[in-house]
Amino acid sequence: MLTKGRNDAAQADRTFRVIVADDDPVTRRVVQQALNQHDVEVQPVKTCAELHQSVAADIDAVLLDLWMPDQNGIECLRQLRANGFDRPVVMITGEQKAQHAVEAMQAGAYHYLLKPLDTEEVYLVTRQAIRAYRERTENAGLREALGSSALEREWIGSSAVSRKVLATAHRIAQSDATVLITGETGTGKSLMARMLHGMSHRAAQPFVTISCAALPRELIDSELFGHEKGAYTGALRERPGKLEIAGAGSLFLDEIADLPLSVQPKVLRALQEREFERVGGNTTHRVAARLITATNQHLEDLCRRAEFREDLYYRVSVLRLHLPPLRERIDELPELVSHFLKKSRHPSGEPVSLDKKAMATLAQYAWPGNVRELQSVLERAVTFAPQPLLGVADLQLAPPLTAAPTASLAGRALAEIEAQAIRQTLDACAGNVAAAARVLGVAAKTLHRKIRTVCPRDGQSDHSAPVQKNAVDYS
Ligand SMILES: Nc1ncnc2c1ncn2[C@@H]1O[C@H](COP(=O)(O)OP(=O)(O)OP(=O)(O)O)[C@@H](O)[C@H]1O
Ligand SMILES: [Mg+2]
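Worth saying up front: this structure is predicted, and the values here are computed from it rather than measured. (Residues numbered from 1 in each chain as written. Chains lettered and ligands numbered in written order. Predicted model: local features only at pLDDT ≥ 70, side-chain atom pairs only at ≥ 80, totals over all residues. Heavy atoms only, no water.)

A. Broad picture of the nonpolar core. Grouped together as the largest cluster of nonpolar side chains are 30 residues, with contacts concentrated most on Leu224, Leu259 and Leu299. For this core, the secondary-structure elements that each account for two or more residues are strand S7 (207-211), helix H9 (217-225), helix H10 (242-246), strand S10 (250-254), helix H11 (264-272), helix H12 (299-304) and helix H13 (310-316). Examining the composition of this core, we find that four residues originate from one element, H11, more than from any other. (Core = buried A, V, L, I, M, F, W, Y, C linked by side-chain atoms within 4.5 Å. Buried < 20%, exposed > 50% of the residue type's maximum accessible area, 1.4 Å probe, protein only. Helix = DSSP H or I, 4+ residues; strand = E, 2+ residues; numbered from the N terminus.)

Structure representation (structure tokens):
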């Protein structure tokens with residue numbers, strides 16, 4: 001008999017239930033024989049349509065043939081996932097083609113079995129699939145039991161401002177409603193999106209990100225919703241979109257202000273009707289994922305200028321979470337500094353720290369690039385500091401972006417002023433071109449071009465700011 005999980009009191013005295021979906025009667029019979037002798041109840045179905053109707057909360061696993069009469073098995077699996085079915089699915093295939101097995105695993109299958117089926121293997125793989133699911137959910141349960149506090153510790157800052165942010169985040173994480181995270185660049189919106197997912201009941205499901213600013217406009221539709229083979233020139237194979245891949249997890253739509261107007265009606269429908277089709281496809285897919293969005297722009301202004309649909313704005317901002325800039329929680333500076341310096345060691349082996357004057361200088365700075373900029377200033381200081389105690393001289397802070405008196409600009413070539421603005425903004429944004437482009441109000445591609453033409457030295461990676469690990473790479 002299949003050994004039941006130790007902590008699974010609720011299920012301790014119930015028989016495991018498995019569905020075998022195959023139009024071939026021989027396969028259905030072999031699976032029934034293989035599992036019935038271990039006290040596993042097997043429900044045979046002949047079509048995917050029947051399978052979709054039969055999956056229920058008490059089904060422990062599905063064994064699914066890759067070639068079903070009414071739907072491709074992988075397609076069927078994706079639909080099960082999109083509908084929120086998270087139990088293990090084992091694919092059965094008659095062809096020994098690794099490509100199909102790989103595709104099936106990518107689509108979320110636990111494993112695959114090759115025909116002709118071996119009864120012992122059927123039993124062992126099914127048992128392993130159910131056990132692995134158990135372990136995964138028990139771990140998620142453990143995370144819940146520990147409370148979200150472990151996750152909340154990822155957020156550094158314990159001032160009243162941060163405490164309020166975390167309390168709101170905690171409540172938002174319990175809901176399934178769409179959330180809009182706002183805040184300047186580098187305030188931790190992406191970090192918070194991951195935290196909201198991790199604190200939610202969807203934590204064991206995928207967390208999938210799509211950045212609207214980082215993708216060429218014409219690709220966003222297919223990236224989000226997927227496409228069918230031949231949907232457009234170059235679409236050589238069918239491909240699921242991020243919304244499908246997210247399944248019953250969370251889809252993080254970053255920089256939503258950059259979502260092209262042409263795609264907005266489709267996103268609105270996905271939120272309102274909870275359904276969508278792939279580009280070039282007719283099959284309607286259900287949306288099971290929760291949508292988390294973020295922006296550092298004023299969506300209300302964009303709506304007024306008709307650059308963002310008002311109906312979509314109301315849909316995405318059902319819940320809102322604003323992350324205040326670092327200058328409004330500057331009393332958290334010592335905590336953040338010690339967090340970022342925690343792992344730094346001077347070549348002498350001594351831990352790195354800041355002297356009082358340096359800390360005071362940091363506290364007076366405006367931090368236009370917020371926490372990301374702080375992280376980068378410290379990284380730079382640690383790299384070049386001659387001794388483990390950092391002083392003011394070791395800090396290279398970007399000059400204020402807007403403080404230069406207008407008179408000093410008079411008589412200077414426009415190109416020179418532009419180049420300086422670009423360099424300073426890139427510095428403030430720790431070399432992150434996408435973030436700098438948003439601050440400067442231009443598209444990232446435009447900024448890339450300008451870096452090459454207006455300040456070519458920077459284009460040859462002569463830029464002093466180290467490029468962040470999370471910087472978007474457009475090259
Ligand atoms: N409160 C915080 N505690 C610890 N790390 C933080 C905090 N806020 C931000 N960070 C770190 O700062 C960096 C920038 O944060 P993040 O990428 O989340 O900012 P963002 O608001 O999404 O920026 P952008 O608008 O440019 O996308 C990341 O490395 C992140 O982990
Ligand atoms: Mg971000």
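B. Here's a closer look at the confidence of the model for the chain. Looking at the chain, the pLDDT average stands at 83 and 85% of residues meet or exceed 70. Predicted confidence is poor over residues 401-407, with pLDDT under 50, and the contacts of this stretch with residues over four places away or in other chains come to four contacts. (pLDDT = per-residue confidence, 0-100. Contact = heavy atoms within 4.5 Å.)

C. Examining helix H18 (residues 433-440) more closely. Among the residues making up H18, those that are buried are Val433, Ala434, Ala435, Ala436 and Ala437. Elements that come into contact with the buried residues of H18 comprise helix H16 (370-384), helix H17 (414-428) and helix H19 (444-453). Capping the start of H18 is the job of one residue whose side-chain oxygen sits 3.1 Å from the backbone nitrogen of alanine 434: asparagine 432. Positive phi appears at glycine 441, one or two residues downstream of H18, with a value of about 75°. (Polar contact = N/O pair within 3.5 Å; in protein donor to acceptor, adjacent residues only side chain to side chain.)

D. Representation of unusual backbone geometry within the structure. Across the junction of lysine 115 and proline 116, the peptide omega takes the value 0°, indicating a cis bond. Checked against the element boundaries, proline 116 lands in the loop between strand S5 (111-114) and helix H5 (119-145). You will see that glutamate 255, though not glycine, has its phi angle at about 55°, which is positive. Examined against the element boundaries, glutamate 255 turns out to sit in the loop between S10 and H11. With relative accessibility at 9%, the residue glutamate 255 sits in the buried group. With a phi angle near 60°, alanine 306 is a residue other than glycine that sits in the positive phi range.

E. Looking closely at helix H3 (residues 73-82). By the criterion of burial, H3 is predominantly enclosed, with ten of the ten residues buried. Those residues of H3 not exposed but buried are Gly73, Ile74, Glu75, Cys76, Leu77, Arg78, Gln79, Leu80, Arg81 and Ala82. Two to three positions downstream of the cap, the backbone nitrogen of isoleucine 74 sits 2.6 Å from a side-chain oxygen, assigning the N-cap of H3 to asparagine 72. Glycine 84 sits one or two positions beyond H3 and adopts a positive phi of about 95°.

F. Highlighting the site of ligand 1. Near ligand 1 you find 20 residues, and of these Ile156, Thr185, Gly186, Lys189 and Arg438 are the closest. Here an oxygen atom of ligand 1 and a backbone polar atom of threonine 187 are 3.2 Å apart. At 3.0 Å, a backbone N or O of leucine 191 approaches an oxygen atom of ligand 1. When contributions to the shell around ligand 1 are tallied by element, the ones reaching two or more residues are helix H8 (189-199), H16 and H18. Grouping the constituent residues of the shell around ligand 1 by class yields six nonpolar, eight polar and six charged. (Near = heavy atom within 4 Å. Nonpolar A, V, L, I, M, F, W, Y, C, P; charged D, E, K, R; others polar.)

G. Inspection of the side chain of serine 162 at higher detail. Along the polypeptide, serine 162 turns up in helix H7 (residues 160-173). Look at serine 162 and you get buried, because its relative accessible area is 0%. Within the local environment of serine 162, its side chain forms a polar contact with the side chain of tryptophan 155, the two groups lying 3.0 Å apart. Beyond its immediate sequence surroundings of up to four residues, serine 162 is in contact with Trp155, Gly157, Arg329 and Glu332.

H. Representation of the sheet that holds strand S1 (residues 17-21). Ordered in space as S2-S1-S3-S4-S5, the five strands form an open sheet in which the pairing is parallel. Strands at the two margins of the open sheet, each flanked by one partner only, are strand S2 (41-45) and S5. Strand-to-strand, the axes of this sheet are offset by a mean angle of 20°, without reference to chain direction. Its contacts with the sheet put H3 on strand S3 (61-65) and strand S4 (89-93), and the angle it makes with S4 is roughly 170°. (Pairing = 2+ DSSP bridges. Axes fitted to C-alpha atoms, helices over the stretch in contact; angles between N-to-C directions.)

I. View of the side chain of arginine 78. Within the secondary structure, arginine 78 is located in helix H3. Overall, arginine 78 belongs to the buried group, its relative accessible area being 12%. In this structure, arginine 78 is in contact with Ala107, Glu238, Pro240, Glu244 and Arg278, ignoring residues within four places of it in sequence.

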